[in-house]
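Here is what each chain is made of, one letter per residue.
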Amino acid sequence: GESVGLHLPTLSVQEGDNSIINCAYSNSASDYFIWYKQESGKGPQFIIDIRSNMDKRQGQRVTVLLNKTVKHLSLQIAATQPGDSAVYFCAFDSGGGADGLTFGKGTHLIIQP
Amino acid sequence: NAGVTQTPKFRVLKTGQSMTLLCAQDMNHEYMYWYRQDPGMGLRLIHYSVGEGTTAKGEVPDGYNVSRLKKQNFLLGLESAAPSQTSVYFCASKGLTHPKRGEPQHFGDGTRLSIL
């Protein structure tokens, strides 16, 4: 079936540095991609999304890049702060319909002082 | 604006017991979902609903039932709990998707369920 994988289960960065979290997907029909942040004891929180007709989208301190050729998605967090410590999940939604999301396993981002 | 609310937040059951998890959303969303999250894994879809009175199976539906009698509520039932159903359960909702842009799902804070 479809799968969404992450290259690194844990990422440790210095406070103030930029963080890059990567995600690979296998379903060529995927047309909508989402990054979620999950803090301990909480549900996934929407960060940023991107449609397949785009290759880059920017938010506040976050940028999502999509490379459909190699089926790769990345989340860049600028000037990482202690509050960015969390598990980050990529997810995709095929066809824009009602079907549920397919999630990756998650990357734990650790911020070092 | 409460968003998606799940009750209870924690529960411990004995094998064979039954229970119902409640999800309520106040965003007038059409679509609602139940996921489970196990250690080291991403969320997996159990069941979902595209509207009041409708339900459909997801990736891991066995051992669960759902009902959507009201648009704002989505219930997840365990008829005979098993230790393999120990997990964190998340409910999510989503509004109708614009044809040219996506629509993210909005999640509750989960129900932590332990089956002894």
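Look up a bit, the structure's there.
All residue numbers here refer to positions counted from 1 along the written sequence of the relevant chain. Chains carry letters and ligands carry numbers; both start at the beginning, A for chains and 1 for ligands, and go up in the order they are written. Local features are withheld for residues below a pLDDT of 70 in this predicted model, meaning they are given only at 70 or higher, and side-chain atom pairs are given and counted only at 80 or more; totals for whole chains, interfaces and linings count all residues. The side-chain quantities take in all heavy atoms of the structure and omit both hydrogens and water.

## Digging into the sheet that holds strand β1 (residues 4-7) of chain B
Residues and elements named next belong to chain B.
Okay, so step 1: In this description, strands pair whenever DSSP reports at least two bridges between them. Numbering of helices and strands starts at the N terminus; helices are DSSP runs of H or I of at least 4 residues and strands are runs of E of at least 2. What the 4 strands build is an open sheet, ordered β1-β3-β8-β7; its pairing is antiparallel. Since the sheet does not close on itself, it has two edges, and those belong to β1 and β7 (65-67), each with one partner. Neighbouring strand axes in the sheet, compared pairwise and without regard to direction, differ in orientation by 20° on average.
Okay, so step 2: Judged from the 3 bridges that link them, β7 and strand β8 (residues 73-78) form a sheet pairing that is antiparallel. Along β8, the bridge assignment pairs Asn-65 with Gly-77. Axis definition: a line fit to C-alpha positions, over the contact stretch in the case of helices; interaxial angles, taken between N-to-C directions, run 0 to 180 degrees.

## Describing the interface of chain B and chain A
Okay, so step 1: A contact between two residues is defined here by any heavy atoms of the two lying within 4.5 Å. On the side of chain A, 22 residues touch chain B, which itself brings 26 residues to the contact.
Okay, so step 2: What gets called buried area is simply the loss in accessible area from a 1.4 Å probe that two parts show on being joined, summed for both. Interface of chain B and chain A: buried area, both sides summed, is about 1,700 Å²; carbon and sulfur atoms make up 53% of it.
Okay, so step 3: A carboxyl oxygen of Asp or Glu within 4 Å of a side-chain nitrogen of Lys or Arg is what we treat as a salt bridge. Scanning the region where chain B abuts chain A turns up 2 salt bridges.
Okay, so step 4: Two residues, Asp-93 of chain A and Lys-94 of chain B, come together in a salt bridge whose shortest N-O distance is 3.3 Å.
Okay, so step 5: Any pair of N or O atoms that falls within 3.5 Å is considered a polar contact. Within protein, one atom must be able to donate a hydrogen and the other to accept it, and sequence-neighbouring residues count only if both atoms are side-chain atoms. Taken together, the links from chain B to chain A amount to 7 residue pairs in polar contact (both at pLDDT 80 or more).
Okay, so step 6: In the side of chain B that touches chain A, the residues fall into 12 nonpolar, 8 polar and 6 charged. Here the nonpolar group is Ala, Val, Leu, Ile, Met, Phe, Trp, Tyr, Cys and Pro; Asp, Glu, Lys and Arg are the charged ones; every other residue, Gly included, is treated as polar.

## With respect to the packing of aromatic side chains
Okay, so step 1: Here the aromatic set is Phe, Tyr and Trp, taking the six-membered ring for Trp, and pairing holds for ring centres within 6.5 Å; pairs whose planes are under 30 degrees apart are stacked, those over 60 apart are edge-to-face, and all others are tilted. Under the criterion given, the structure shown has 10 aromatic pairs over all chains.
Okay, so step 2: Plain terms: the ring middles of Tyr-35 of chain B and Phe-107 of chain B are 5.6 Å apart, the flat faces sit at 45° to each other, and that makes the pair tilted. With a gap of 72 residues between them, Tyr-35 of chain B in strand β4 (residues 31-37) and Phe-107 of chain B in strand β10 (residues 106-107) connect regions that are remote in the sequence. Both residues of the pair, Tyr-35 of chain B and Phe-107 of chain B, belong to the buried class.
Okay, so step 3: Residues Tyr-64 of chain B and Tyr-89 of chain B carry aromatic rings whose centres are separated by 5.8 Å and whose planes lie at 65° to one another, so their mutual orientation is edge-to-face. Taken together, the residues Tyr-64 of chain B in the loop between β6 (54-57) and β7 and Tyr-89 of chain B in strand β9 (residues 87-94) connect sequence positions 25 residues apart.
Okay, so step 4: In this scheme, a residue with accessible area under 20% of its type's maximum is buried, one over 50% is exposed, and one in between is partly exposed, where area comes from a 1.4 Å probe on protein chains only. For Tyr-64 of chain B, a relative accessible area of 9% gives the class buried.
Okay, so step 5: The buried category is assigned to Tyr-89 of chain B, whose relative accessible area is 0%.
Okay, so step 6: Members of the aromatic cluster, each reached through a chain of ring pairs, are Tyr-36, Phe-89 and Phe-103 of chain A together with Tyr-33, Tyr-35, Tyr-48 and Phe-107 of chain B.

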